[in-house]
Amino acid sequence: MPKAMQYTKGSIIYFEGDKDERIFIMQNGSVLLTSTDIETEAPVAEQVHSGEFFGVKSALGHFPREETATAVVPTVAVALTVQEFEILFSNNKALIMKMLRVFSNQLRQVHKKIESILHSEPEDQLTGMLRVGQCFYDEEQFRSACDVYEKYIKRFPNSPKIDEAKKMYDAAKLRADKLAQLDRSSVDTYEEPVVANSSLKIFDLPAFARFAKNYEPGEVIISEFEPGDSFYLIQSGNVQLVKCVNGSKKNLDVLKPGEFFGEMAILDNSPRSATCMAIGKVRCLEFNKENFELLITGNPQMALLLLKLFCKRIYDQRRRLKILVIKDLQAKIADVFLMLNEMNPVANEMEKQRKFNVTVSDIAHWAGLSLEVTKDEINRFVERHRIEVYDNYVIVNNINDIQRLYETRAGIR
């Protein structure tokens, strides 16, 4: 049962860094949430008003608290377990849409900070989408380049750059067809969708079959800068999230069956923030913008999955932002390894050695450094026998040593 908690003035409800999976609703009084801005290190304060929730993201995402919650005046807050919150959330349509939009906006703001640090210049949709196509073309992913140019031609038929797009489409199509002739090993069949977990079995019902779309390996499902009018649930296969930064393609994440993508543009009416392409054969359920709210509010399990996904993505992106703002290069690389360790927990925490399935290029991406600079810094780790580098993985010999290095170089006491 939800429990009303009374706090005197100045009481700490929870500290930043605490592992606490309670979610609170302010009943009366006032609570101040304080934290430190990752980029500027300036103090950040947010006041919670009566009827508002706090502690949601860390509880749903099972992460340490990102802020300290302090009662400013004598306060009563109702504490809920995650399960109690889910029941309340599922039965409140207005709350569902409000929280989804709030979290979508928070994620968008973190994305903007990351882009700013990476010196990714903002572009209009027309220029940006052509650049995405060029990015795939330059990396000889001609099938993907074709898809982007084709989307551009369909989306912007009256663009002043339509002739350029058509010319690039023809060039990419010619290259893609030649490569396809050399590779006839693929079979034009799809495996039956594999439902990721029991909570998604509802979407395997015949009623959802009309929303199913199949995609070939390398096919672009949505393109960065494309208008957002649909979102997707992966039923089978994996989807690669890609972003073109300063003319080069950066892999952001790999999504698996049961995960959503494309939902941010639906919620805040903005262009797509990344390109999503099929890895191997993929089947998705595609839902359009018009039925989004009806679908979400009519399927509480889906709304909860989406809310938890936002919590995870916000945490992951803030973790990456923390790495990007570190000035000391050795500390920056060390923190990449610490982040990978957090993402891949081991059964035996006493085991000091770690194996991460990443390349030096992946480390450069996470650190926001050029490949050349990253190789130089990685060599310093190798020379001191802190790590061993192989083609497709890295061995960290002592994760505790990496933690001490990070704290020393970053000036953490």
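The structure presented is a predicted model; accordingly, all values stated were derived computationally and were not measured.

What counts and what doesn't
Residues numbered from 1 in each chain as written. Predicted model: local features only at pLDDT ≥ 70, side-chain atom pairs only at ≥ 80, totals over all residues. Heavy atoms only, no water. Buried < 20%, exposed > 50% of the residue type's maximum accessible area, 1.4 Å probe, protein only. Helix = DSSP H or I, 4+ residues; strand = E, 2+ residues; numbered from the N terminus. Pairing = 2+ DSSP bridges. pLDDT = per-residue confidence, 0-100. Contact = heavy atoms within 4.5 Å. Expected span 1.5 Å × (residues − 1). Polar contact = N/O pair within 3.5 Å; in protein donor to acceptor, adjacent residues only side chain to side chain. Axes fitted to C-alpha atoms, helices over the stretch in contact; angles between N-to-C directions. Salt bridge = Lys/Arg side-chain N within 4 Å of Asp/Glu carboxyl O. Parallel < 35°, antiparallel > 145°, perpendicular 65-115°, else oblique. Left-handed = near helix turned anticlockwise from the far one by under 90°. Nonpolar A, V, L, I, M, F, W, Y, C, P; charged D, E, K, R; others polar. Phe/Tyr/Trp six-rings, centres within 6.5 Å; stacked < 30°, edge-to-face > 60°. Lys NZ or Arg CZ within 6 Å of the ring centre and 35° of its normal.

1. Focus: the pairing of strand E4 (residues 31-36)
Burial along E4 is one-sided: Val31, Leu33 and Ser35 are buried, and none of Leu32, Thr34 and Thr36, which face the opposite way, are. Judged from the six bridges that link them, E4 and strand E5 (residues 43-48) form a sheet pairing that is antiparallel. From the neighbouring strand, serine 35 faces E5, where its bridge partner is valine 44. The hairpin turn running from E4 into E5, its antiparallel successor, is six residues long, and glutamate 41 in that turn takes a positive phi close to 65°.

2. Notes on the confidence of the model for the protein chain
Detailed conclusions should not be drawn from predicted coordinates in areas where pLDDT is low. Put simply, the protein chain has an average pLDDT of 88, and 92% of its residues get 70 or more. In this model residues 186-196 is a low-confidence stretch, pLDDT under 50, and it forms 25 contacts with partners more than four residues away in sequence or in other chains.

3. Some details on helix H10 (residues 329-343)
The terminal C-alpha atoms of H10, which comprises 15 residues, lie 21 Å apart, in line with the 21 Å expected from a rise of 1.5 Å per residue. Among the 15 residues in H10, twelve count as buried, and that is most of the element. If you check which residues of H10 are buried, you get Gln330, Ala331, Lys332, Ile333, Ala334, Asp335, Val336, Phe337, Leu338, Met339, Leu340 and Asn341. Its side-chain oxygen placed 3.2 Å from the backbone nitrogen of glutamine 330, aspartate 328 serves as the N-cap of H10.

4. A short note on the side chain of lysine 249
Within the secondary structure, lysine 249 is located in strand E12 (residues 248-255). Those residues in contact with lysine 249 that lie beyond four places of it in its chain are Cys135, Phe136, Glu139, Gln141, Val242, Lys243 and Cys244.

5. Let's talk about the sheet that holds strand E7 (residues 68-71)
One open sheet accounts for four strands, arranged E2-E7-E4-E5; its pairing is antiparallel. Looking at the sheet topology across the chains shown, the edges are occupied by strand E2 (12-14) and E5. For this sheet the average axis-to-axis angle between neighbouring strands, irrespective of direction, equals 30°.

6. Considering the pattern of salt bridges
Taken as a whole and assessed by the stated rule, the structure comprises 23 salt bridges. Put simply, aspartate 335 and arginine 319 hold a salt bridge, and the shortest N to O gap is 2.8 Å. Of the two residues, aspartate 335 sits in helix H10 while arginine 319 sits in helix H9 (residues 300-324), which places them 16 residues apart along the sequence. Accessibility classification places aspartate 335 together with arginine 319 in one group, the buried group.

7. Points about the sheet that holds strand E8 (residues 75-80)
Reading across the sheet, the four strands line up as E1-E8-E3-E6 and stay open at both edges, with antiparallel pairing between neighbours. The open sheet has two edge strands with one neighbour each: strand E1 (3-7) and strand E6 (53-54). In the sheet, strand E3 (residues 23-28) pairs with E8 via five bridges, with the strands oriented antiparallel. Across the sheet, residue phenylalanine 24 finds its bridge partner in E8, namely alanine 79.

8. Side note on unusual backbone geometry
Positive phi outside glycine occurs at glutamate 140, with the angle close to 60°. Mapping glutamate 140 onto the fold places it in the loop between helix H4 (125-138) and helix H5 (142-155). Residue glutamate 140 is classed as exposed on the basis of its relative accessible area, which comes to 57%.

9. Description of the packing of H4 against H5
It is at 7 Å that the axes of H4 and H5 come closest, and there the two elements cross at 160°. It follows from the interaxial angle that H4 and H5 lie roughly antiparallel. The crossing of H4 and H5 is left-handed. Touching Leu126, Met129, Leu130, Val132, Gly133, Gln134, Phe136 and Tyr137 of H4 are Phe142, Ser144, Ala145, Val148, Tyr149, Lys151 and Tyr152, all from H5. Class assignment for the residues of the contact of H4 with H5 results in eleven nonpolar, three polar and one charged.

10. Points about the pairing of E8
A regular strand carries its side chains on alternate faces of the sheet. Across the six residues of E8, six count as buried, placing the element largely inside the fold. Burial of E8 is two-sided: the residues Thr75, Ala77 and Ala79 facing one way and the residues Val76, Val78 and Leu80 facing the other way are all buried.

11. A few points about the packing of aromatic side chains
For any pair of aromatic rings, the description rests on two quantities: the centre-to-centre distance and the angle between the ring planes. Counted under the stated rule, the structure contains 16 aromatic pairs. Centre to centre, the rings of phenylalanine 24 and phenylalanine 54 are 5.1 Å apart; their planes meet at 10°, and the pair counts as stacked. Here the residue phenylalanine 24 occupies a position in strand E3, and phenylalanine 54 occupies one in strand E6, the gap between them amounting to 30 residues. Across this residue pair, the class does not change: phenylalanine 24 and phenylalanine 54 are buried. Pairing phenylalanine 53 with phenylalanine 85 gives two aromatic rings, centres 5.5 Å apart and planes at 85°, and the pair type is edge-to-face. Here phenylalanine 53 is found in strand E6, whereas its partner phenylalanine 85 is found in helix H2 (residues 82-90), with 32 residues between them in sequence. Among the residues examined, phenylalanine 85 registers a relative accessible area of 0% and is labelled buried. Through a chain of ring-to-ring contacts, the aromatic side chains of Phe211, Phe231, Phe260, Phe287 and Phe292 assemble into a single cluster. Over the ring of tyrosine 14 we find arginine 65; its NZ or CZ atom is 4.0 Å from the centre of that ring.

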